[in-house]
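Here's the letter readout for the chains.
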Amino acid sequence: MSDTKRSHLLHLGVIAVLFALFFVLPAYHVGNLSRIMVLAVYAMGFNLLFGYTGLLSLGHALFFATGMYGLGMAMNSFGIAAEPALLIGLICAVVMAAVVGFLALRTSGVAFMIVTLMFAQAGYLTILYFGAYTRGDEGFVIPQPDRMIAGIDITGETARYFAALILFAVVFLLIAHVVRSPFGRTLVAIRENEERTRMLGYDTDRHKLKAVILSGTISGLAGAAYALLFGYAGATFATVQYSIFPLLWVLLGGAGTTLGPIIGVAFMFYLIDLSSSVTQAYMLIAGVVLVLLTLFAPQGLAGELRRRVMRWLP
Amino acid sequence: MAAVILETKGLTKSYGGLNANEDVDFELRRGKVTALIGPNGAGKSTFVGMVSGRIPATRGQVIFDGQDISALPAHKRIQLGIAYTFQITSVYAGLTLRENIAIAARRRLGKDRKAVQTKVSGVLEQVSLLDRADQDAGDLSYGHQRVLEIAMGLVQDPRLFILDEPTQGLAESEVDDFVTLIKTLVGDTTILLIEHNMDVVMRTADYIHVLDNGRSLASGTPEEIRKNTAVQAAYLGTDVDA
Ligand SMILES: Nc1ncnc2c1ncn2[C@@H]1O[C@H](COP(=O)(O)OP(=O)(O)O)[C@@H](O)[C@H]1O
Ligand SMILES: [Mg+2]
């Protein structure tokens, strides 16, 4: 079987499993999985830039929050319906990513990390500053009756699960396609050796800017979807913590693998969930597991899988 | 078509007070092999770096095929048909050999997977690395990595192929293969070869250009250079083909 075929089967298989899980899992886990799938979209956006292009942004919460507030404020402050609001959230994220990318890519390495971190911090402070409209730290609830897509109420557990699954599937297949395309292979080339890639005649600056925009847009889409599906937008989602989360998820799951994000998010979600049901000191357990994983599976779970058994894993 | 494919005028690179290249005027004949020689630190790598755009010039002009490319960024120059191999091996260590060459091929062949595959296999065969195609480039021996570097240039079908000390670290038999390879390219491809191994220079070069201390010292046919007393002096009194 060719690698392309295997890759298609793998990705469709994952989606099929997620579909089937809805009918098998108890309600509690179905709820968790909805959240995990939306956060995995965020992680996939981050992974495109970090895992595939080799650019470490410490400010991706800015893109997540941009999508979230773009949609949230369009709906709450302007009374716009969910579908166009989703589009507005998406457009806001594209613009934000283009601006941040254009400016931040003048730097590289540690400076890029700092600059993206600073942009995100500025975004967070802006949300607080305009607290009269954004409701600051407290955030705001998007009323249930407004949360309809194509006439379907997506606040119920079932509709929400399938909305999250559709979103996840679309982005998952999109990423799977992108990373196998010439564009995606060029991003990997830039990650591996930027100077060499430039000297093969590629406009590496342009590729990196495109990667930031695509990555930021997907992260923003996740933010908008999160607000819509869970009915809440708040400044917490713009904090540094929410910039660090996707890094942890992707490192755990496997940077530069298509499966890494969903694995990483699910793993961390249940790690905290399970350990907090056992002890108050759950962060300690979570911390120890994370350290062990970093020591023994430095390429993350999917990365280890690729290294040991499935070299073709995209 | 003009007989000269590449020309530089007053090309200069200063690092602080030091001029790594100073007012280098140079002409490269189309379809020929020109060797760029000179002692270590003479400025050979700096020169080809400025030609390819990798190193920004302090001043001076680079004219490629009648077009002034002095202001073009490196990738645009490469896109005009200039391929460049690094003196210090620079491959994608974490990717397979096949993917290394495919990246080089894809810039021109783009989305046409079949064409890329065919082209890559052809070049792998040409440089006798087909049996190692699926190994990671980082796991190859140093000599094979040098050959891979050359293959990444070849696959671009360049009009001008710049090679910076390609035979450094190659075994005797690999050097012979390299000489044979260069001879098959002559005519379609113009080759600018930086080379320390005088045997290789004498076997391949139609013309030789000598740099010393960042300045042009001499240029001419191998015969003329061999007899040139200034060149002999630069090589510490030894005969250049010694
Ligand atoms: N990045 C740099 N900064 C400062 N000096 C440099 C740099 N690169 C090269 N040089 C100096 O320029 C001179 C020419 O170097 P180079 O072009 O590498 O010579 P060659 O390739 O002929 O051995 C040397 O004296 C070298 O030390
Ligand atoms: Mg050199």
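## Points about the overall build of chain A
Counting its regular elements, chain A contains 14 helices and four strands. In terms of C-alpha radius of gyration, chain A reaches 19 Å, essentially the compact-globule figure of 20 Å for 314 residues. A buried classification covers 52% of the 314 residues belonging to chain A. Here chain A has roughly 13500 Å² of accessible surface; of this, 70% comes from carbon and sulfur atoms.

## Some remarks on the coordination of the magnesium ion (ligand 2)
All names here are of chain B. Looking at the magnesium ion (ligand 2), the protein donor atoms are Ser45 (OG) and Gln87 (OE1), and they sit 2.1 Å from it. With Ser45 in helix α1 (residues 44–52) and Gln87 in the loop between β6 (82–85) and α3 (97–109), this residue pair connects regions lying 42 residues apart in the sequence. Owing to a relative accessible area of 22%, Ser45 belongs among the partly exposed residues under this scheme. By relative accessible area, which is 23% here, Gln87 ends up partly exposed.

## Focus on the site of ligand 1
Residues and elements named next belong to chain B. Lining the immediate environment of ligand 1, one finds Tyr15, Leu18, Ala20, Pro39, Asn40, Gly41, Ala42, Gly43, Lys44, Ser45 and Thr46. Within the backbone of Gly41, one N or O atom sits 2.8 Å away from an oxygen atom of ligand 1. The separation between an oxygen atom of ligand 1 and a polar side-chain atom of Thr46 is 2.5 Å. For ligand 1, the protein covers 59% of the area, taking 560 Å² as the surface of the free molecule. Those elements that provide at least two residues to the shell around ligand 1 are β2 (18–29) and α1.

## Things to note about the packing of aromatic side chains
One pass over the full model with this rule turns up 25 aromatic pairs over all chains. One Lys or Arg, Arg106 of chain A, reaches over the ring of Phe102 of chain A and ends 4.6 Å from the middle of that ring.

## Details of the pattern of salt bridges
Residues and elements named next belong to chain B. Summed over the entire model, instances satisfying the criterion amount to 23 salt bridges over all chains. For the salt bridge of Lys119 with Asp157, the shortest nitrogen-to-oxygen distance reads 2.9 Å. With a gap of 38 residues between them, Lys119 in helix α4 (residues 113–126) and Asp157 in the loop between α5 (142–154) and β7 (160–164) connect regions that are remote in the sequence. Given the relative accessible area of 45%, Asp157 is considered partly exposed. Among the salt bridges present, the one from Asp176 reaches Arg203, with a minimum N-O distance of 3.1 Å. Separated by 27 residues along the polypeptide, Asp176 in helix α6 (residues 172–185) and Arg203 in helix α7 (residues 198–204) bring together distant segments of the chain. The exposure class of Asp176 is partly exposed, given its relative accessible area of 33%. According to the relative accessible area criterion, Arg203 is partly exposed, its value standing at 32%.

## A few points about the nonpolar core
Ranked by internal contacts, the top residues of the largest apolar core, which has 138 residues, are Phe168 of chain A together with Ile101 of chain B. Looking at this core, the element that brings in the most residues is helix α2 (residues 27–52) of chain A, giving 16 residues. If you count residues domain by domain, this core takes at least three from each of domain 1 (1–81 + 159–242) and domain 2 (86–157) of chain B. Not counting residues up to four positions away in its chain, the partners in contact with Ile101 of chain B are Val120, Val123, Leu124, Leu148, Ala151, Met152 and Val155 of chain B. Listed in part, the 27 residues of the second largest apolar core include Leu28, Leu36, Ile55 and Phe86 of chain B.

## Structural notes on the environment of Leu39 of chain A
Residues and elements named next belong to chain A. Within the secondary structure layout, Leu39 lies in helix α2. For the pair Leu39 and Phe64, spaced 25 residues apart in sequence, the C-alpha to C-alpha distance is 9.9 Å. Apart from the residues within four sequence positions on either side, Leu39 is in contact with Phe64, Tyr226, Trp249 and Val265.

## Comments concerning the sheet that holds strand β5 (residues 67–68) of chain B
Consider a sheet: its strands pair through backbone hydrogen bonds, and that pairing is either parallel or antiparallel. Residues and elements named next belong to chain B. Strand order across the open sheet formed by four strands is β2-β1-β4-β5, with antiparallel pairing between neighbours. Each of the sheet's edge strands pairs with one partner strand only, and the pair in question is β2 and β5. Summarising the sheet, strand β1 (residues 4–15) and strand β4 (residues 59–64) pair through five bridges and their orientation is antiparallel. Note that in β4 the partner of Thr8 across the bridge is Val62. Each of β1, β2 and β4 is contacted by α1, which is oriented at about 115 degrees to β1, the strand it contacts most.

## Re a nonpolar patch on the surface
Residue and element names in this part refer to chain A. A cluster of nonpolar side chains, Leu87, Ile91, Val94, Val95, Val99, Phe102 and Leu103, forms an exposed patch at the surface whose accessible area comes to about 600 Å². Turning to its location among the elements, Leu103 is positioned in helix α4 (residues 82–104). Judged by relative accessible area, which is 38%, Leu103 ranks as partly exposed.

## What about the domain arrangement of chain B?
All names here are of chain B. By the assigned domains, chain B splits into domain 1 (1–81 + 159–242) and domain 2 (86–157). Counting residues at the interface gives 18 residues for domain 1, matched by 15 residues for domain 2. Of all residues in domain 1, Phe161, Gln168 and Leu181 bury the most surface against domain 2, accounting for 31% of the area lost on that side. Remark: the boundary between domain 1 and domain 2 carries zero salt bridges. Where domain 1 touches domain 2, the interface holds three residue pairs in polar contact (both at pLDDT 80 or more). Broken down by secondary-structure element, the contributors of at least two residues to the side of domain 1 that touches domain 2 are α2 (74–79), β7 and α6. For the side of domain 1 that touches domain 2, the element with the highest residue contribution is α6, accounting for five residues.

## Here we look at the environment of Leu181 of chain B
Residues and elements named next belong to chain B. Relative to the helices and strands, Leu181 is located in helix α6. By relative accessible area, which is 11% here, Leu181 ends up buried. Ignoring anything within four residues of it in the chain, the contact list for Leu181 reads Gln126, Val127, Ile150 and Leu154.

Calculation criteria
Residues numbered from 1 in each chain as written. Chains lettered and ligands numbered in written order. Predicted model: local features only at pLDDT ≥ 70, side-chain atom pairs only at ≥ 80, totals over all residues. Heavy atoms only, no water. Helix = DSSP H or I, 4+ residues; strand = E, 2+ residues; numbered from the N terminus. Rg over C-alpha atoms; globule rule 2.2 N^0.38 Å. Buried < 20%, exposed > 50% of the residue type's maximum accessible area, 1.4 Å probe, protein only. Areas by Shrake-Rupley, 256 points an atom, 1.4 Å probe, with all protein chains shown as cover. Donors = N, O, S within 2.8 Å, 3.2 Å for Na, K, Ca; no water. Near = heavy atom within 4 Å. Polar contact = N/O pair within 3.5 Å; in protein donor to acceptor, adjacent residues only side chain to side chain. Phe/Tyr/Trp six-rings, centres within 6.5 Å; stacked < 30°, edge-to-face > 60°. Lys NZ or Arg CZ within 6 Å of the ring centre and 35° of its normal. Salt bridge = Lys/Arg side-chain N within 4 Å of Asp/Glu carboxyl O. Core = buried A, V, L, I, M, F, W, Y, C linked by side-chain atoms within 4.5 Å. Domains from an automatic or database assignment. Contact = heavy atoms within 4.5 Å. Pairing = 2+ DSSP bridges. Axes fitted to C-alpha atoms, helices over the stretch in contact; angles between N-to-C directions. Patch = residues over 30% accessible without salt bridge, like charges linked within 9 Å, V, L, I, M, F, W, Y side chains within 5 Å. Buried area = accessible area lost by both parts, 1.4 Å probe.

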